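This is what each chain is made of:
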Amino acid sequence: MRKLGAVLAALMLLGVFGFVFASATTVAVDLAHGENDKYLAQDVLDFDTNETLAHGIIPTIDFVDWAYFGDPTQADVLGITNLGEKITADALNGVDVLIIGQPTSPFDPEEIMAIVDWFNQGGKVLWIAGDSDYGSGPQVIDYVDTLLEQLGVKLRLDQASVESPTLNAGAGYRVIGIVNPDPNTPNADVITQGFKHEGHVLYHGPGVVAWVDDDGNWQPLIDGNVPENVYRIVKTAEDGTIVENTDPAANAYLAGDTGVFTLLAAEKMGDSWLIVSGESPYGDYEPTWSAKYHGVELDGPTFVTNMIKWITGLTAAPAPAGEEVVDIKDPEGDDHGPGTYTYPTNAVFNGEGLFDLVDFKIKDAGDNYILEFYFKNLGGNPWNGQNGFSLQIIEAYFDFKDGGSTDAIKMDENAPTPGSNVAIDPDHPWDVALRIHGWGNTLVLPDGTTKDVKVSADLDKNVIMVEVPKDYLEVKPGLYGAILVGSQDGFGVDTWRAVAVDAEEWKLGGAEADAVINGVAPRVLDLLVPAGFKPTQEEQLKSYDAANAKPAVVKMIPIIKPKVTTVTQTVTQTETVTTKVQKTVTATETTTTTTSGTCGPAAIGLFALLPLLALRKKRE
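Given the structure is predicted, the values throughout are model-derived calculations rather than measurements. (Residues numbered from 1 in each chain as written. Predicted model: local features only at pLDDT ≥ 70, side-chain atom pairs only at ≥ 80, totals over all residues. Heavy atoms only, no water.)

To continue, consider the nonpolar core. The biggest cluster of nonpolar side chains holds 86 residues, and the ones touching the most others in it are L98, L126, L274, F303 and W310. When residues of this core are assigned to their parent elements, the largest contribution, seven residues, is made by helix α7 (residues 300-315). For L126, the residues in contact, after removing those within four places along its chain, are L98, I100, I115, W118, F119, L147, L151, W273, L274 and I275. Counting residues in hydrophobic clusters, the runner-up holds 70 residues, among them L354, W430, V475 and A521. (Core = buried A, V, L, I, M, F, W, Y, C linked by side-chain atoms within 4.5 Å. Buried < 20%, exposed > 50% of the residue type's maximum accessible area, 1.4 Å probe, protein only. Helix = DSSP H or I, 4+ residues; strand = E, 2+ residues; numbered from the N terminus. Contact = heavy atoms within 4.5 Å.)

So this is what it looks like as structure tokens:
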């Protein structure tokens, strides 16, 4: 916590700092080498019912800027920028990610050199997809491998096909791949989040990924034979089978080989990344974007979207963290609500400190504030929450101007109570609130207006980060806040997990019977209440009135103390001895304005040193 620079006067500097967020990632797709544009802008339709199963890649993945190489007349159909009919060095300027899906015509030497030079700049991602060795497939594989050889990377596509006898869409060559990144894959949670169909994705007649060692020897990319800086991401089932359709013969595999084979892998080369896949996310006979094929429901759109998210994380330059303007510690080991709450009994809650908020920071980052919620242990992302975490739910309320609301937010209109089941400090009506969980990223205004904000998590640092535009939050003297932590439950009241007298598999335990019966047991496990603040967390969460069905009241704490106007007295005393002692007092008042720092024990103790008379702002 920041200490005051002086006892009676300190200056909180809330200047403008030089950090701004990087512009959106630019992803270019290649249509200049015989690829078609299937599912780039086209919806995915159910073959039997003509129902729309998913929109196209470009309209769905709208958090990047799209462009393409190919016929300029396609620009109107695709709705994105044309970069030219050939891949050139100039056209690649400003491109962060290049996706080449199943090229059926060769690359010119100038194009290969342009791609190699671009890739070697660092901070780039090349995703290149091939085909099986069926029909004209060997030519596609040759075009892919020629480019890979010039890049100097390990990964290759072998001259073979892989089939799946059991896990398929009605035929062995309609392979259903399994998104199952190797355990050491960086940020693997981003790739696997949000699946509804076990991470099953279509690889229609796929090629198989192999690699080449430093001596030029081809190697199978299988368990126990994965080189350094290579990560397998999509694999076959255990009975995958290598098939030879057309000459030439494969280099690393033999027809009839069985086992788990690689359909998509990534390789880190310096600061750039290469992705090689046996089929394309777009433009194939039936691309990986497919949401359903021959009656088999698939996670294709989710997987490709996740891959683009993962890619943008790889290409993004490390951003300055921003200037820290608030840092408030919360005591460890207090994720027990009113002092008695316990975790549910299901094994997913076996970790310690899963709901223990230990630190809260605000950082100034140009047009946004970054709110950072540090936990003792986020517990990973066991349910693949799309924001990078699963177990926690956070509500944050901030008061920084006149007016506002005193109601706890309730996102489910049909819920009997707000999810937190508490009331918010009536002395500090809130001006903006946040509801954050693994699938939730909502900013709420007092009039009920909502806005999505960016939420992410760093599981290594056990921190959840929320970007709040400065249009909605003022971080200045006089900022008050209340931060509530609970257990997220998609089936709970307003997505908060229920609490019972005794813990159950999916319920918190430790509530008082009267509170449960009368519906006022708070569902809050931790509050941001720094040491020394009164009332304590436990006192606040016990403040309900069960008999009269009144919920507990959560108090706001000073995030940044208000400006304090103090009074200095000059006192002249004249005493006359009569039957009583009489005093005549003449007071001359002068005012000085001081600005305090962020909340903490040192700052709270300051008030004991202020003059006896203090004129405090109405909303302190």
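Back to the write-up after that little detour.
This paragraph deals with the pattern of salt bridges. Within the structure shown, the criterion is met by 18 salt bridges. Here K361 makes a salt bridge to E324, at a shortest N to O gap of 3.7 Å. With a gap of 37 residues between them, K361 in strand β22 (residues 357-365) and E324 in strand β21 (residues 323-329) connect regions that are remote in the sequence. Between R497 and D489 there is a salt bridge, with the nearest N and O atoms lying 3.5 Å from each other. Of the residues examined, R497 reaches a relative accessible area of 1% and is grouped as buried. On the basis of relative accessibility, which here comes to 13%, the residue D489 falls in the buried class. (Salt bridge = Lys/Arg side-chain N within 4 Å of Asp/Glu carboxyl O.)

The next thing to look at is the environment of K196. Tracing the sequence through the fold places K196 in the loop between α6 (188-192) and β11 (200-204). K196 sits in the exposed class, given a relative accessible area of 74%. C-alpha separation for the pair K196 and D299, spaced 103 residues apart in sequence, amounts to 6.7 Å.

We now examine helix α4 (residues 109-120). If you check α4, its first and last C-alpha atoms are 16 Å apart, about what twelve residues at 1.5 Å a residue would give, namely 16 Å. Along α4, the residues classified as buried are E111, I112, A114, I115, V116, W118 and F119. Tucked into the core, α4 has its buried residues touching α3 (89-92), β6 (97-101), β7 (125-129), α5 (137-151), β17 (262-269) and β18 (272-277). Phi turns positive one or two residues past the end of α4, at G122, with a value near 90°. (Expected span 1.5 Å × (residues − 1).)

We now examine empty space enclosed by the protein. Scanning all chains against the criterion turns up three cavities of 30 Å³ or more. In this structure, the second largest cavity spans a volume of roughly 50 Å³. Lining the second largest cavity we find V29, L40, I57, I61, W66, I99, W127, P281, Y282, V304 and I308. Tallied by class, the residues present in the lining of the second largest cavity amount to eleven nonpolar, no polar and no charged. (1 Å grid on protein atoms, 1.4 Å probe; cavity = no way out; pocket = protein on both sides within 12 Å on 5 of 7 lines; lining within 4 Å. Points joined across faces, edges and corners; volume = space filled by probe spheres on them. Nonpolar A, V, L, I, M, F, W, Y, C, P; charged D, E, K, R; others polar.)

As a further point, take the packing of aromatic side chains. The final tally for this structure, using the stated rule, is eleven aromatic pairs. Summarising the aromatic geometry, the rings of W273 and W310 are spaced 5.5 Å apart at their centres and angled 70° between planes, so their arrangement reads as edge-to-face. Taken together, the residues span a long stretch of sequence, with W273 in strand β18 and W310 in helix α7 at a distance of 37 residues. We classify W273 as buried; its relative accessible area is 5%. Here W310 falls in the buried class, since its relative accessible area comes to 2%. Judged by centre distance (6.4 Å) and plane angle (80°), the rings of F349 and W383 are edge-to-face. Placement of F349 in the loop between β21 and β22 and of W383 in the loop between β23 (368-375) and β24 (392-399) is noted, with a sequence separation of 34 residues between them. (Phe/Tyr/Trp six-rings, centres within 6.5 Å; stacked < 30°, edge-to-face > 60°.)

In this model α5 runs 21 Å from its N-terminal to its C-terminal C-alpha over 15 residues, within 8% of the 21 Å that 1.5 Å per residue would give. Every buried residue belonging to α5 is among G137, P138, V140, I141, Y143, V144, D145, L147, L148 and L151, and all of these are buried. On its buried face, α5 sits against β6, α4, β7, β8 (155-158), β13 (218-220) and β18. Just downstream of α5, G152 is the residue with a positive phi angle, here 75°.

Moving on, we get to the sheet that holds β22. Ordered by their spatial adjacency, five strands build an open sheet running β21-β22-β23-β30-β29, and the pairing between neighbours is antiparallel. Strands with a single pairing partner mark the edges of an open sheet, and in this sheet they are β21 and β29 (454-458). Sheet twist, expressed as the average angle between the axes of neighbouring strands with direction ignored, equals 20°. One ladder, built from eight bridges, connects β22 with β23; its direction is antiparallel. Residue pairing across strands places I362 opposite L371, the latter belonging to β23. (Pairing = 2+ DSSP bridges. Axes fitted to C-alpha atoms, helices over the stretch in contact; angles between N-to-C directions.)

All right, on to the side chain of D399 then. Locating D399 in the fold gives a position in strand β24. The class for D399 is buried, based on a relative accessible area of 0%. Of note is the side chain of D399, whose polar atom sits 2.9 Å from the side chain of H428. (Polar contact = N/O pair within 3.5 Å; in protein donor to acceptor, adjacent residues only side chain to side chain.)

Moving on, we come to unusual backbone geometry. Cis geometry marks the peptide bond from D247 to P248, where omega comes out at 5°. Relative to the helices and strands, P248 resides in the loop between β15 (240-243) and β16 (258-259). Notably, N229 is not glycine yet its phi reads approximately 70°, a positive angle. By the secondary structure assignment, N229 is in the loop between β13 and β14 (230-235). Positive phi, close to 55°, is recorded for D494, a residue that is not glycine. Structurally, D494 can be placed in the loop between β31 (479-493) and α8 (513-517).

Let us look at the pairing of β7. Along β7, five of the five residues are buried, which leaves the element largely enclosed by surrounding structure. Taking every second residue as pointing to the same face, both faces of β7 are buried, with V125, W127 and A129 on one and L126 and I128 on the other. The sheet contact formed by β6 and β7 spans five bridges and is parallel. Pairing of I99 across the sheet is with W127, part of β7. Running through α4, the crossover from β6 to the neighbouring parallel element β7 is right-handed. (Right-handed = clockwise from strand over helix to strand, strands pointing away.)

The next subject is the environment of G339. Tracing the backbone through its elements, the reader meets G339 in the loop between β21 and β22. Taking the relative accessible area as the measure of exposure, G339 reaches 39% and is therefore partly exposed. Considered as a pair, G339 and K542 are 203 residues apart in the sequence and their alpha carbons are 8.8 Å apart.

What follows concerns the sheet that holds β11. Strands in a sheet are paired, the pairing made by backbone hydrogen bonds, and the direction either parallel or antiparallel. Spatial strand order, β5-β4-β1-β6-β7-β18-β17-β14-β10-β11: ten strands in an open sheet with mixed pairing. Two strands lie at the open edges of the sheet, namely β5 (81-82) and β11, each paired on one side alone. Against the sheet, α5 contacts β6, β7 and β18, and its axis sits at roughly 150° relative to β7.

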